[in-house]
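Structural description and commentary
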Amino acid sequence: MRTAGTSISRPARIAIGGSAALAVLTAISGCSTAASDDTADAGSTTAGKTIKVVAAENFWGSIASQLGGAHVRVESIINNPNADPHDYEPTAADGRLVAGAQYTIVNGIGYDAWADKLLSANPESGRTDLKVGDLVGIKPGGNPHRWYSPANVHQVIEKITADYKKLDPADAAYFDARKTTFETKTLAPYNTLIADIKAKYANTAIGASESIVTPLAEGLGLKMLTPESFLDAISEGTDPTAKDKQTIDRQIGQKQIKVYVYNSQNATPDVQAQVKAAQAEGIPVATVTETLTPAGASFQAWQVRQLQGIEKALGQATGR
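Residues numbered from 1 in each chain as written. Predicted model: local features only at pLDDT ≥ 70, side-chain atom pairs only at ≥ 80, totals over all residues. Heavy atoms only, no water.

**Quick word on the confidence of the model for the chain**
The condition is simple: Values of pLDDT, ranging from 0 to 100, describe the predictor's confidence in every residue of the model. Two residues qualify as a contact provided that any one of their heavy atoms is within 4.5 Å of a heavy atom in the partner residue.
A residue-level look at the chain finds 85% of positions with pLDDT of 70 or above and a mean pLDDT of 88. The low-confidence segment residues 1–37 (pLDDT under 50) makes 111 contacts with residues lying over four places distant or belonging to another chain.

Here's what the structure looks like:
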């Protein structure tokens, strides 16, 4: 999401200057990722190396923290629901975090270009950097919202674990155990919901407010009818075309879509109008958010809650 002049409920961008602000940002950026650790005690140990990890965004930071357990210290730069990852302005405190990191995780694909600048400004020969876009093969200009792709999430899990093992070979068995527990137990509700929705509602037509929903729709086997140009415009903070809005109005009015999914952190007037129109036509509406909500939620708790909302909406729409 990006701050747009038409947005009325999008979170305020964090852009603070001066020494007092630096102290505030230090407090925000310096906090370890707060995520409920459902993999506690998996391969537990009390001694060994601790890898310093910095994630650009907390959705990746939450996963990294749970995979690393006692052998990592993860700090996420974007860990406030009111911050826009697209437009975030890094501070000196963020630079110090990156300079001291042994492992970094950035999303890439143009989503967090500021993070690339931080890495370039704070080079470290011994640091390992993971760029999710490069890992999953999505180039700049492609859809950057890869944490909403179930397949990509599992690719990231595999890569983070492999990197931890290279950085701390002595604790390789510990990291393997953490990954196994995370994927088979911690993410079990997430995996089950995805499989169930795909099995029950495959090819169901949906509409959406922006491109953040597209990777999830693909993972769930749902058919996205909203024009891609509209999805991209809302995501990028530009004005959608009148033609696209007319197309969506027709899709809603004729009930060509069964469910409408929107990013509640980016409810522009156009999006709000579509939500109201869908509700007026009896089309169920579900919501997603850009970053972990509420603050401090784990990746899995956040995703499961949203998937449950989508599943409920699909059930209401189809009677199944």
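**A few points about unusual backbone geometry**
For clarity, the cut-off: Helix numbering and strand numbering both begin at the N terminus, where a helix is a DSSP run of H or I of at least 4 residues and a strand a DSSP run of E of at least 2.
Here the amide bond leading from Thr 293 into Pro 294 is cis, since omega sits at -5°, within 30 degrees of zero. Position of Pro 294 among the secondary structure elements: in the loop between strand 8 (285–288) and helix 13 (299–318). One non-glycine residue, Asn 203, lies in positive phi territory at about 70°. Here Asn 203 shows up in the loop between helix 8 (188–201) and strand 5 (205–208). Of note, Lys 255 is a non-glycine position whose phi angle comes to about 55°, a positive value.

**Focus on the nonpolar core**
As a reminder of what qualifies: What makes a nonpolar core is a set of buried Ala, Val, Leu, Ile, Met, Phe, Trp, Tyr and Cys residues whose side-chain atoms join them at distances within 4.5 Å. Partly exposed describes any residue whose relative accessible area lies between the buried limit of under 20% and the exposed limit of over 50%, with all areas from a 1.4 Å probe on protein chains only and scaled to the type maximum.
Of all hydrophobic cores here, the largest spans 54 residues; its most connected members are Ile 63, Tyr 103, Ile 105, Ile 160, Tyr 164 and Phe 299. Among the elements that make up this core, the one with the highest residue count is helix 13 (7 residues). Of all hydrophobic cores here, the second largest spans 14 residues; its members include Ala 83, Tyr 88, Leu 97 and Leu 118.

**Here's the deal with empty space enclosed by the protein**
Spelled out, the test is: Cavities and pockets were defined on a 1 Å grid built over protein atoms only: a cavity is a set of grid points that admits a 1.4 Å probe from which the probe cannot escape, a pocket is an open set flanked by protein on both sides within 12 Å along at least five of seven lines, and lining residues are those with an atom within 4 Å of any such point. Grid points are joined across faces, edges and corners, and a volume is the space filled by probe spheres set on the points. Any residue that is not Ala, Val, Leu, Ile, Met, Phe, Trp, Tyr, Cys, Pro, Asp, Glu, Lys or Arg is counted as polar, Gly included; the first ten are nonpolar and the last four charged.
One pass over the structure, following the stated rule, counts 3 cavities of 30 Å³ or more. Taken together, Val 54, Ala 55, Ala 56, Ile 77, Val 98, Thr 104, Ile 105, Val 106, Trp 114, Ala 115, Leu 118 and Leu 119 make up the full set of residues lining the largest cavity. For the lining of the largest cavity, the leading source of residues is helix 4 (residues 113–121), giving 4 residues. Class assignment of the residues belonging to the lining of the largest cavity gives a composition of 11 nonpolar, 1 polar and no charged.

**Re the environment of Ala 205**
Relative to the helices and strands, Ala 205 resides in strand 5. Those residues in contact with Ala 205 that lie beyond four places of it in its chain are Lys 223, Leu 225, Gln 256, Ile 257, Lys 258 and Val 259.

**As for the pairing of strand 7 (residues 259–263)**
Where we set the bar: Note on pairing: two strands pair once DSSP finds at least 2 bridges between them.
By the criterion of burial, strand 7 is predominantly enclosed, with 5 of the 5 residues buried. Across the two faces of strand 7 the burial is the same, with Val 259, Val 261 and Asn 263 and Tyr 260 and Tyr 262 all buried. Pairing analysis gives 3 bridges linking strand 5 to strand 7, with the strands arranged parallel. Across the sheet, Gly 207 pairs through a bridge with Tyr 260, a residue of strand 7. Two strands pair when backbone bridges link them, and strand 7 and strand 8 are joined in this way by 4 bridges, in the parallel orientation. Paired with Val 261 across the two strands is Ala 286, which belongs to strand 8.

**Thoughts on the layout of surface pockets**
Its boundaries defined by the atoms lining it, the largest pocket holds a volume of some 290 Å³. Lining the largest pocket are 17 residues; nearest its centre among them are Gly 141, Gly 142, Asn 143, Pro 144 and Asp 232. For the lining of the largest pocket, the element with the most residues is helix 10 (residues 228–236), which contributes 5 residues. Looking at side-chain class alone, the lining of the largest pocket contains 4 nonpolar, 9 polar and 4 charged residues.

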